[in-house]
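Structural characterization, general
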Amino acid sequence: ILEAINHASAAADDERVERFIEQNYMEMVSRGEQNWMRFWKDKLSRELVYRRPWLCIYEAHSHAWFGELDEAERLLEAAEKHVESGISPPDGRMQGHLAYVKSRVTAMRGDIGRAIDLCLAAREAIPADNLSLQFNTRVTLGYEYFLAGDYRRASHVLGDAIEMGIAEGAIIYTVAASCFMARLHANQGLLHAAHDTYQGAAQVIPEGGSEHRDARALIDVGLADLLCEWNDLDAALVHV
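The paragraphs below set out a description of the structure included in this document. All of these numbers come straight from a predicted model, not from anything done at the bench. (Residues numbered from 1 in each chain as written. Predicted model: local features only at pLDDT ≥ 70, side-chain atom pairs only at ≥ 80, totals over all residues. Heavy atoms only, no water.)

1. Some points on the overall build of the chain
Applied cut-off: The way it works is that DSSP assigns letters per residue, a run of H or I at least four long becomes a helix, a run of E at least two long becomes a strand, and they are numbered from the N terminus. Only C-alpha atoms enter the radius of gyration; for comparison, a globular chain is expected to reach 2.2 Å times N to the power 0.38, where N is the number of residues. Classification of residues uses two cut-offs on accessible area relative to the type maximum, computed with a 1.4 Å probe and protein chains only: under 20% is buried, over 50% is exposed, and between them is partly exposed. Here, residues are in contact when the closest pair of their heavy atoms is within 4.5 Å. Shrake-Rupley sampling with a 1.4 Å probe provides the accessible areas, and residues are treated as covered by the protein chains on show and by no other component. In this tally Asp and Glu are treated as negative and Lys and Arg as positive; neither His nor the chain ends contributes. To locate a charge, take NZ of a lysine, CZ of an arginine, CG of an aspartate or CD of a glutamate.
Secondary structure summary: the chain contains 14 helices and zero strands in total. Put simply, the chain runs from its N terminus to its C terminus through helices and strands in the order α-α-α-α-α-α-α-α-α-α-α-α-α-α. The C-alpha atoms of the chain give 19 Å as radius of gyration, which agrees with the globular expectation for 240 residues (18 Å, within 12%). In terms of principal-axis extent, the alpha carbons of the chain reach across some 55 × 40 × 30 Å. Residues classed as buried in the chain amount to 47% of the 240 residues present. Across the chain, contacts joining residues at least 24 apart in sequence account for 56% of those joining residues at least 6 apart. Total accessible area on the chain stands at roughly 12,000 Å², and carbon and sulfur atoms take up 49% of it. Taken together, the 23 basic and 37 acidic charged side chains of the chain have centroids lying 5 Å from each other.

Right, here's the structure in full:
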């Protein structure tokens, strides 16, 4: 897909580039290929991006991931104006993705209560068959409850995300939810439960190959932190 986008961009075929991005964006996110989001950032003109609500939402998603919140908010505002104008009639997928990205940005701004409300709205709007965005929303909601100190709700949401991820074979989402759950255990002083949760997450990743490196990295960072708590610094360094 990267090569296809590159060729379409070189041919100045913006319509084709847009179609490739819309058809493949969430699949690439679900595979943890965050650098790919950077790849297409400069492949389209700003004018084209701001004219297309889906491109605004996807690029806002990318900017939010990398902490570029001002630009993410500008893009979200542009997408909302399209929806409000009636030029681009909204559907559940668009409304849900908009609310989800706004939730991420709002949480990063520090307004966790508002971020939770937005994430709950996103969860309601996203169609049930849009599994990638459903996973994203559940993992994010669980983490936001964790940040708010609501460990009961965080545990419930993250537990559901882990079960759903295992059932669907969604490795990155299962691992991400498991790592947040392990951090929740560690914050409560349940270090052995945290360790077991990290080990369980590691078991869902297939052996060998370079795929899922980001998922393995999440687990290694978490285990290193845990081993530091146990003062096993040599083992922690291995994971780092």
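Here the narrative resumes, following the displayed structure.
2. Quick notes on the packing of aromatic side chains
Note the threshold: Aromatic pairing here means that ring centres of Phe, Tyr or Trp (its six-membered ring) are within 6.5 Å. Orientation follows from the plane angle: under 30 degrees is stacked, over 60 is edge-to-face, and everything else is tilted.
Taken as a whole and judged by the stated rule, the model has five aromatic pairs. Consider the rings of Phe135 and Tyr173, whose centres lie 5.2 Å apart with planes at 15°: the pair is stacked. With Phe135 in helix H9 (residues 131-147) and Tyr173 in helix H11 (residues 171-187), this pair connects stretches of sequence that are 38 residues apart. The same class applies to Phe135 and to Tyr173, which are both buried.

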